[in-house]
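The lines below spell out each chain.
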Amino acid sequence: MRALVIIPTFNERESLPVQLAAVRASVPEVDVLVVDDGSPDGTGEWADEAAASDPQVHVMHRTSKDGLGAAYIAGFGWGLERGYDILCEMDADGSHRAQDLAAVLAGVSEPSGLAGLSIGSRWVHGGAIENWPFYREALSRGANLYVQLALGIGVRDATAGFRAYRAEVLRSIALDEVESRGYCFQIDMAWRALRAGAQVSETPITFVERTAGASKMTGDIIVEALWKVTVWGATHRWRQLTGYYRRQQRAA
């Protein structure tokens, strides 16, 4: 199965060369698409040089920084147009370890597997984090627990950004309707995949806090995620309630 690893970048000139080399060494059969949002530090130019010397590396240049979700949607479209079977999300900063990539891909590439979405999970047995302060771990665990309760899903790490989709799952989702930015995008996509009938597998990974560059996490991203999950959850529960009421009426 042909796999494409999509790496979005904005000012990752220092970390991208390290991550790209690690990916190419760990799983040399995959192709890589760098989606650069006009990085002023020269990340896009360096990626062009890497692509010129490696036919399995490709670069997409975007003129504006529209957020993580928009970058991945653009990358999905590029990969689907070119017939890739698996499309994988991966950070440029090294927080997603290249040595875990094969395991994440295996979740959707095993011939006998049924999963349409494979998530590299921090919060299943065997998953781990490195160099996170307590408040970051508490925030992530709390956010994922809230997602489980609000949406009624069994995914332990719905906010995780290290994941792989089967192409048919992405084709079943109206990608042009996905407007979530930031890390809410990951919750949104997992929720849409589940509603499209996809099965989800979670593979334990070790998440490493970035050592170069600045985190893209902001207060606006957290507020967006909290608000949207609340709305989705309330809508979901209302539909369940009204559906139950209608069934009771028909039974009567």
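Above this text sits the structure in question.
Conventions adopted
- Residues numbered from 1 in each chain as written.
- Predicted model: local features only at pLDDT ≥ 70, side-chain atom pairs only at ≥ 80, totals over all residues.
- Heavy atoms only, no water.
- Phe/Tyr/Trp six-rings, centres within 6.5 Å; stacked < 30°, edge-to-face > 60°.
- Helix = DSSP H or I, 4+ residues; strand = E, 2+ residues; numbered from the N terminus.
- Buried < 20%, exposed > 50% of the residue type's maximum accessible area, 1.4 Å probe, protein only.
- Lys NZ or Arg CZ within 6 Å of the ring centre and 35° of its normal.

A. Expanded view of the packing of aromatic side chains. What the rule picks out here adds up to six aromatic pairs. Where Tyr 72 meets Phe 76, the ring centres are 6.2 Å apart and the plane angle is 20°; that geometry is what we call stacked. With a gap of four residues between them, Tyr 72 and Phe 76 both fall in helix H3 (residues 68-81), about one helical turn apart. As far as burial versus exposure is concerned, Tyr 72 and Phe 76 are alike and both buried. Ring plane angle 50° and centroid distance 6.4 Å describe the contact between Trp 123 and Trp 132, whose orientation is recorded as tilted. By the burial criterion, Trp 123 is buried, and Trp 132 matches it. Through a chain of ring-to-ring contacts, the aromatic side chains of Tyr 72, Phe 76, Tyr 165 and Phe 185 assemble into a single cluster. Sitting above the plane of the Phe 10 ring, Lys 65 keeps its charged end 5.1 Å from the centroid. Over the face of the ring belonging to Phe 207 we find Arg 122, whose NZ or CZ atom lies 5.3 Å from the ring centre.

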